[in-house]
Amino acid sequence: MTITHFVIIAVCAYLLGSLSFAIIVSKVTLGKDIRNYGSGNAGLTNAYRTMGAGKTLFVLIGDIAKGAAAISIGAYLAGPIGKLVAGIFVILGHMFPVYFGFRGGKGVLVGAVMLLLFDWRIFLVAFVLFFAAVFATRWISLGSILGAVSFPITTFAFYRDPVLTAMAFGMAVAVIFMHRSNIVRILHGEENKFSFKSKKTIEQSSSDGKEHAE
């Protein structure tokens, strides 16, 4: 991979990653910033908890699309290494979006898209660990952390490439770092459990505001 290709991939992936669809959807549809509600995180889980399934579907589609677009650019320009470079920078963009004051999500969904497009076997291992952890504990964060931990391990197991493994390790560390507050709550048994019942906190807040205005 040439330096030119690296710069193109990194810039394109970061700018795509910075399109935080949780923030975009909450602002466009509700006139609110999702980061002021729920966990304060601009991610898929908080979107579901605070906006409901309907609006979260648009967040899901947008985040999958930006991840797929970034990884496709990386693959076209530099193959497998290009995919991982794109993965690193699209996740960084999602976590620290330049368009939204560098306060974004935790990179789990975008990372999952990257894993799927990089190697379905690596994705499958991470997904099984994620699903098993969430099924057993209903802690989305624990599933995300275990999935991230598996990434460098399976990358080394399947590729035996120190560069790819180091890049995978870096991405895993970034995702785990973004979950540091969740880890503290897990250790204290205080982490929020996932529920299919959405509270739609933002919509309730909007309705309450209208009632007070009237």
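Residues numbered from 1 in each chain as written. Predicted model: local features only at pLDDT ≥ 70, side-chain atom pairs only at ≥ 80, totals over all residues. Heavy atoms only, no water.

## Points about the nonpolar core
Okay, step 1: Within the largest apolar cluster, 26 residues are counted, with the highest numbers of intra-cluster contacts made by Leu 84, Met 114 and Phe 151.
Okay, step 2: Elements represented by at least two residues in this core include exactly helix 1 (3–17), helix 4 (53–95), helix 5 (108–118), helix 6 (120–137), helix 7 (140–159) and helix 8 (162–178).
Okay, step 3: Here this core gets nine residues from one element, more than from any other, and that element is helix 4.
Okay, step 4: With sequence-adjacent residues up to four places away left out, Met 114 is seen in contact with Ile 71, Lys 83, Leu 84, Gly 87, Phe 151 and Met 171.
Okay, step 5: Formed by twelve residues, the second largest nonpolar core is a distinct cluster that contains Val 25, Ala 42, Ala 47 and Ile 202. (Core = buried A, V, L, I, M, F, W, Y, C linked by side-chain atoms within 4.5 Å. Buried < 20%, exposed > 50% of the residue type's maximum accessible area, 1.4 Å probe, protein only. Helix = DSSP H or I, 4+ residues; strand = E, 2+ residues; numbered from the N terminus. Contact = heavy atoms within 4.5 Å.)

## As for the pattern of salt bridges
Okay, step 1: As enumerated under the stated definition, the model contains four salt bridges in all.
Okay, step 2: One salt bridge in this structure joins Asp 63 and Lys 66, with 3.3 Å as the shortest N-O distance. Taken together, the residues Asp 63 and Lys 66, both in helix 4 and three residues apart, mark about one turn of the helix. The pair formed by Asp 63 and Lys 66 is uniform in burial state, with each residue classed as buried.
Okay, step 3: For Arg 185, the salt bridge identified is with Glu 191, shortest N-O distance 2.8 Å.
Okay, step 4: Its relative accessible area of 9% is what places Glu 191 among the buried residues. (Salt bridge = Lys/Arg side-chain N within 4 Å of Asp/Glu carboxyl O.)

## Remarks on unusual backbone geometry
Okay, step 1: In this structure, Phe 102 takes a positive phi of about 60° despite not being glycine.
Okay, step 2: The phi torsion at Arg 160 lies on the positive side, around 50°, for a residue other than glycine.
Okay, step 3: Within the secondary structure, Arg 160 is located in the loop between helix 7 and helix 8.

## Considerations on the packing of aromatic side chains
Okay, step 1: Per the stated rule, a full pass over the model turns up six aromatic pairs.
Okay, step 2: Taking the centre distance of 6.0 Å and the plane angle of 20° together, the rings of Phe 123 and Phe 127 count as stacked. Taken together, the residues span about one helical turn, with Phe 123 and Phe 127 both in helix 6 at a distance of four residues.
Okay, step 3: An aromatic cluster of three or more residues is present, and its members are Phe 123, Phe 127, Phe 131 and Phe 135.
Okay, step 4: In this arrangement the basic side chain of Arg 121 is found over the ring face of Phe 158, its NZ or CZ atom lying 4.2 Å from the centre. (Phe/Tyr/Trp six-rings, centres within 6.5 Å; stacked < 30°, edge-to-face > 60°. Lys NZ or Arg CZ within 6 Å of the ring centre and 35° of its normal.)

## Looking at a nonpolar patch on the surface
Okay, step 1: A surface patch of nonpolar side chains, about 1100 Å² in accessible area, is lined by Met 1, Ile 3, Phe 6, Val 7, Val 11, Leu 15, Ile 81, Phe 96, Val 98, Tyr 99, Phe 102 and Val 163.
Okay, step 2: Sort the elements by how many residues they give to the nonpolar patch and helix 1 lands first, with five residues.
Okay, step 3: Structurally, Ile 81 is set in helix 4.
Okay, step 4: Accessibility expressed as a relative area gives 34% for Ile 81, which makes it partly exposed. (Patch = residues over 30% accessible without salt bridge, like charges linked within 9 Å, V, L, I, M, F, W, Y side chains within 5 Å. Areas by Shrake-Rupley, 256 points an atom, 1.4 Å probe, with all protein chains shown as cover.)

## Side note on the confidence of the model for the protein chain
Okay, step 1: For the protein chain, mean pLDDT is 89; residues scoring 70 or higher make up 92% of the total.
Okay, step 2: Across the protein chain, element-level confidence peaks in helix 1 with a mean pLDDT of 96 and bottoms out in helix 10 (residues 201–213) with 52.
Okay, step 3: In the model, residues 209–214 has pLDDT below 50 throughout and makes zero contacts with residues more than four positions away in sequence or in other chains. (pLDDT = per-residue confidence, 0-100.)

## Thoughts on helix 4
Okay, step 1: The end-to-end C-alpha distance of helix 4, which contains 43 residues, comes to just 22 Å, noticeably less than the 63 Å that a straight helix rising 1.5 Å per residue would cover.
Okay, step 2: Roughly 150° is the biggest bend found in helix 4, and it falls at Ala 78, with proline Pro 80 one to four residues downstream. (Expected span 1.5 Å × (residues − 1). Bend = angle between axes of the 7 residues up to and from the residue.)

## A closer look at the side chain of Asp 33
Okay, step 1: Along the chain, Asp 33 turns up in the loop between helix 2 (21–30) and helix 3 (44–51).
Okay, step 2: Among the residues examined, Asp 33 registers a relative accessible area of 14% and is labelled buried.
Okay, step 3: There is a polar contact of 2.8 Å between the side chain of Asp 33 and the side chain of Arg 35.
Okay, step 4: Ignoring any residue separated from it by four or fewer positions in sequence, one finds Asp 33 in contact with Ile 23, Ser 26 and Lys 27. (Polar contact = N/O pair within 3.5 Å; in protein donor to acceptor, adjacent residues only side chain to side chain.)

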